[in-house]
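Residue-level listing of the chains:
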Amino acid sequence: MIHLFKTKIGRLRVLAILEGISLLSLVFIAVPVKYWMGNPLFVRLIGPVHGTLFLLFLFNTLSVGVEQNWKCKEITWKVILACFIPFGTFYIDKKILSKL
């Protein structure tokens, strides 16, 4: 896993995984605790973390796309779209980013 931090695409893959994990935590842990137990603490903690990771993934996708000369119609739009689809970052990491 350490080798992923050596390249921008590797760091983008790490961000994709972290963004997906933060969404999983938000949807399956924080929100149920908020509504079933009446405790919004986890949503207050995980929500901003997920939002930050989402924005970092989006900006890094654009940065890597420009640096790597990705064709917008072939790669960039798919990677950006993935961050708007729940758990799409896992899919895009497996299908596109791991092959670059």
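What you are looking at is a predicted structure, and each value in this text was computed from that prediction instead of being measured.

Quick notes on the environment of Asn 39
Take Asn 39: it is sitting in the loop between α1 (8-37) and α2 (41-67). Each C-alpha atom of the pair Asn 39 and Ala 82 lies 30 Å from the other, and the pair is 43 residues apart in sequence. For Asn 39, the residues in contact, after removing those within four places along its chain, are Val 33 and Lys 34. At 3.1 Å, the side chain of Asn 39 and the backbone nitrogen of Leu 41 are in polar contact.

Focus on the nonpolar core
Of all hydrophobic cores here, the largest spans 18 residues; its most connected members are Leu 12, Phe 57, Trp 70, Val 79, Ile 92 and Leu 97. Secondary-structure elements contributing two or more residues to this core are α1, α2 and α3 (72-84). Residues in contact with Leu 12, not counting those within four places in the same chain, are Phe 57, Asn 60, Thr 61, Val 64, Trp 70 and Leu 97.

What about the side chain of Arg 13?
Mapped onto the elements, Arg 13 comes out in helix α1. Classification of Arg 13 by relative accessible area gives buried; the value is 19%.

Some details on the packing of aromatic side chains
Any aromatic ring pair is given by two values, namely how distant the centres are and how the planes are angled relative to each other. A full pass over the atoms with the stated rule returns 2 aromatic pairs. Judged by centre distance (5.3 Å) and plane angle (80 degrees), the ring pair of Phe 54 and Phe 84 falls under edge-to-face. In this pair, Phe 54 sits in helix α2 while Phe 84 sits in helix α3, placing the two residues 30 residues apart along the sequence. Here Phe 54 falls in the buried class, since its relative accessible area comes to 19%.

Describing α2
Taking 1.5 Å of rise per residue, 27 residues should cover 39 Å, and α2 covers 39 Å from first to last C-alpha, within 8% of that figure. Taken together, the buried positions of α2 are Ile 46, His 50, Leu 53, Phe 54, Phe 57, Leu 58, Thr 61, Val 64 and Gly 65. In this fold, the buried residues of α2 make contact with α1, α3 and α4 (88-95). Residue Asn 69 follows α2 closely and has a positive phi angle near 55 degrees.

Criteria and thresholds
Residues numbered from 1 in each chain as written. Predicted model: local features only at pLDDT ≥ 70, side-chain atom pairs only at ≥ 80, totals over all residues. Heavy atoms only, no water. Helix = DSSP H or I, 4+ residues; strand = E, 2+ residues; numbered from the N terminus. Contact = heavy atoms within 4.5 Å. Polar contact = N/O pair within 3.5 Å; in protein donor to acceptor, adjacent residues only side chain to side chain. Core = buried A, V, L, I, M, F, W, Y, C linked by side-chain atoms within 4.5 Å. Buried < 20%, exposed > 50% of the residue type's maximum accessible area, 1.4 Å probe, protein only. Phe/Tyr/Trp six-rings, centres within 6.5 Å; stacked < 30°, edge-to-face > 60°. Expected span 1.5 Å × (residues − 1).

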